[in-house]
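A closer look at the structure
Each chain, written out:
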Amino acid sequence: MKQSRATKTGLIGVAGLLVATVAGCGAGGGAEADATTLTVLDFGGPYQEAHEKEYFAPCAEELGITIKTDEPTDLSKIRTAVDAGNVPWDVVNITNDFGSDKTGTDYLEPIDYGIVDKTLLLDGYADKFRVGSDIEATVIAYNSETFPTAPASFKDFFDTEKFPGKRALYRSVSSGVLEAALIADGVAPEELYPMDLDRAFAKLDTIKDDIIWWETGASSQSLLATGEAAMGLVWVGRAADAARVDKAPIAVAYDEWVQVDDYWAIPKGAKNPELANELIQCMSGTEKQIAWSDLMVYGPVNKEAAADPKVMSEELRPTNHLEGQIPVDDDYWASEYDTIAQRFNDWIAQ
Amino acid sequence: MTQGTTIAGRRSSQRGWLLFLPAFLFFCAFFLIPLALMLQESLKNGFDTYAFIFESPVYGRVFRNTVWVAVITTAVCLAIAYPYAYTVNRVGPRMKMLLILLVLMPFWVSLLSRTFAWVGLLQDTGIINTYLQLWGITDGPVALVRTPFGVLVGMVHVLLPYMVLPLMNTMGEIDHGQLQAARGLGATPLQRFVRVFLPLSLPGIVAGCVLVFVLSLGFYITPAMLGAPANMMVGELLIQETQKVGATRASALGILLLAGTLISMGLLAAVWKRSARRTEL
């Protein structure tokens, strides 16, 4: 009896120790910050490799610091880290549905525009809590063998009689799917928000049986390249790779496309915000953005880089087609996201 | 004498407790504590989160679909594995090795590669559909992937070994003397199977079914890649919630899945105990 009580006590002690260790690990992980190391959370893949080569390596040298990387960006990871008050990153690369002026307050530090030079950047890419990293595009990509007459608009994309075949769509509510549906149904781009959700979902219903949902850029590319989908709403970089790397007959319709951008931001509670701002400033430099654009189809946010002849010579670059860009209201999305996502998830599971 | 063995037994069980300690600590650190944290997270907004889940028709459907897929997968696995395990125990040692090897082989290839391979086989432009059209058997592609059928094929393929192995073990231990006795008493082959072999193999059936069923409930990659969103299972829902919505509702869903699994296991155990007592009588 006595012994059993002793063992019980011992056990509780051990369990307590374990809890302490687990908690201790959590607290200790981020505490190792020193003044000369920055950690960047990025999306991984060739995209991040291009950042490493043209931004992180030269900027580390210029600023005399070490830059570590972590991947991939996941908003839930950022939220959890900030909520827990233990943020292991100094700079994060995020998409436009996160951290708008109205909604960045909880999770991001404001950008210090005393350090970051706003005048370098294209309009709309110097926000309160984030600085554009590049301009991407969700475009209509189609199989030019299946469709000798090119589809030119979202209206054509939703017209499965004139353009029969499967449609590859990103299984993410804020990916432009609803915007495309509304435009196809005749809504003017400037009247998209607040969105008429009934109308958007009714339009999506008309092609529901023809939709193949993709969840990673790689799978969108392979759906197009193999011919599994005849048309898709995909990131332009993946359409380009399907055509150039996979040598598939994939073309891009650039008359109407949905805005999608990536941004640099500093998570709330980051250990060294000043240095993080300096890194963002460094990455926004003209020469670096030209060099980065040479590796990617996506467009730079630096004004001069976007107008550079070498950068402009890439026909698929979004910055060459800004007149067709359908702007997305990030504030609307950030505040309505949960409700619309719920409806989208319900609709998709039916 | 009897007393002596009990005391020795108790002593060794006390020492045995030490052997159990590493597993117990591991279990605490990496399961119980995270689980408690998850429970706490799920209750962040009181029971509202749970109320929301119970009121949503979609979550209900996803849960029902998950159970349904798990039941069908278990049934198909059992139907395929039973005769297979039976055969394994009746062939010569060399053939037996080969058959066991065939069952184990899928374990050596990652789940992801196998699922990708199924996509390559089953999709509209995949190998099966290409040949069906080439040989003029069908005009257009047959919908194999992004259907419940696709999910079932993928899941059965992954889970079959979990059914075969316990069945094989149990059948291997069946005393053939009993079957001979039944024959001696004039039982027909069918009677021998139904009244002797089948009940004796029941522990294997139960073990295999529980394993396959419980593992099925948590499947994520296979239904995500081979099914349509309309065939969504809880695993996919969990990922969707964690990545796109937040941890609170995802935690509640996880707790519900675990609770549901434990309750169904408890019920099964109760039924099992009762039927075991009946056979003893």
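Residues numbered from 1 in each chain as written. Chains lettered and ligands numbered in written order. Predicted model: local features only at pLDDT ≥ 70, side-chain atom pairs only at ≥ 80, totals over all residues. Heavy atoms only, no water.

We now examine the packing of helix H7 (residues 217-226) of chain A against helix H8 (residues 236-244) of chain A. Residues and elements named next belong to chain A. It is at 9 Å that the axes of H7 and H8 come closest, and there the two elements cross at 45°. Between H7 and H8, the angle falls in the class oblique. Judged by the twist between their axes, the crossing of H7 over H8 is right-handed. Contact with H7, carried on its side by Gly 217, Ala 218, Ser 220, Gln 221, Leu 224 and Ala 225, involves Arg 238, Asp 241 and Ala 242 of H8 and no other residues of that element. Per-class residue counts for the contact of H7 with H8 are four nonpolar, three polar and two charged. (Axes fitted to C-alpha atoms, helices over the stretch in contact; angles between N-to-C directions. Helix = DSSP H or I, 4+ residues; strand = E, 2+ residues; numbered from the N terminus. Parallel < 35°, antiparallel > 145°, perpendicular 65-115°, else oblique. Left-handed = near helix turned anticlockwise from the far one by under 90°. Contact = heavy atoms within 4.5 Å. Nonpolar A, V, L, I, M, F, W, Y, C, P; charged D, E, K, R; others polar.)

Now for the pairing of strand S9 (residues 250-267) of chain A. Residue and element names in this part refer to chain A. Counting buried residues in S9 gives 14 out of 18 residues, a clear majority hidden from the surface. Relative to S9, strand S3 (residues 91-95) runs antiparallel, the two sharing four bridges. Across the sheet, Asn 93 pairs through a bridge with Trp 264, a residue of S9. Note: strand S4 (residues 108-109) against S9, two bridges, orientation antiparallel. (Buried < 20%, exposed > 50% of the residue type's maximum accessible area, 1.4 Å probe, protein only. Pairing = 2+ DSSP bridges.)

This part takes up helix H2 (residues 48-55) of chain B. Residues and elements named next belong to chain B. Among the residues making up H2, those that are buried are Thr 49, Tyr 50 and Ile 53. Considered in projection along H2, the buried side chains sweep an arc of 95° and stay on one side of the axis. For H2, the exposed residues set more than 90 degrees away from the buried face come down to Asp 48 and Glu 55. (Arc of directions from axis to C-beta.)

Residues and elements named next belong to chain A. By domain assignment, chain A separates into domain 1 (34-135 + 261-320) and domain 2 (136-259 + 328-348). Using only C-alpha atoms to locate each centre, domain 1 and domain 2 end up separated by 26 Å. Taken residue by residue, the interface counts 21 residues in domain 1 and 17 residues in domain 2. Summed over both sides, the interface of domain 1 with domain 2 buries roughly 1,500 Å², with 51% coming from carbon and sulfur. Of all residues in domain 1, Asp 97, Tyr 298 and Leu 316 bury the most surface against domain 2, accounting for 36% of the area lost on that side. A salt bridge links Arg 130 to Asp 330; its shortest N-O distance comes to 2.6 Å. The interface formed by domain 1 and domain 2 includes eight residue pairs in polar contact (both at pLDDT 80 or more). Taken together, the elements giving at least two residues each to the side of domain 1 that touches domain 2 come down to strand S5 (130-143) and S9. Of the residues assigned to the side of domain 1 that touches domain 2, the class counts are eight nonpolar, three polar and 10 charged. (Domains from an automatic or database assignment. Buried area = accessible area lost by both parts, 1.4 Å probe. Salt bridge = Lys/Arg side-chain N within 4 Å of Asp/Glu carboxyl O. Polar contact = N/O pair within 3.5 Å; in protein donor to acceptor, adjacent residues only side chain to side chain.)

All names here are of chain A. Structurally, Phe 129 can be placed in the loop between S4 and S5. Here Phe 129 falls in the buried class, since its relative accessible area comes to 3%. In this structure the C-alpha to C-alpha distance between Phe 129 and Ile 111, which are 18 residues apart in sequence, comes to 5.3 Å. If we ignore the near neighbours within four places in the chain, the residues touching Phe 129 are Gly 99, Ser 100, Asp 101, Gly 104, Thr 105, Leu 108, Glu 109, Pro 110, Ile 111, Trp 264 and Ala 265.

Of the residues lining the interface, 24 residues belong to chain A; the matching set on chain B comes to 26 residues. Across the chain A/chain B interface, buried area totals approximately 2,400 Å², and carbon plus sulfur atoms make up 53% of it. Scanning the region where chain A abuts chain B turns up one salt bridge. Tallying contributions element by element places helix H13 (residues 330-348) of chain A first for the side of chain A that touches chain B, with six residues. Here the side of chain A that touches chain B is composed, by residue class, of nine nonpolar, eight polar and seven charged.

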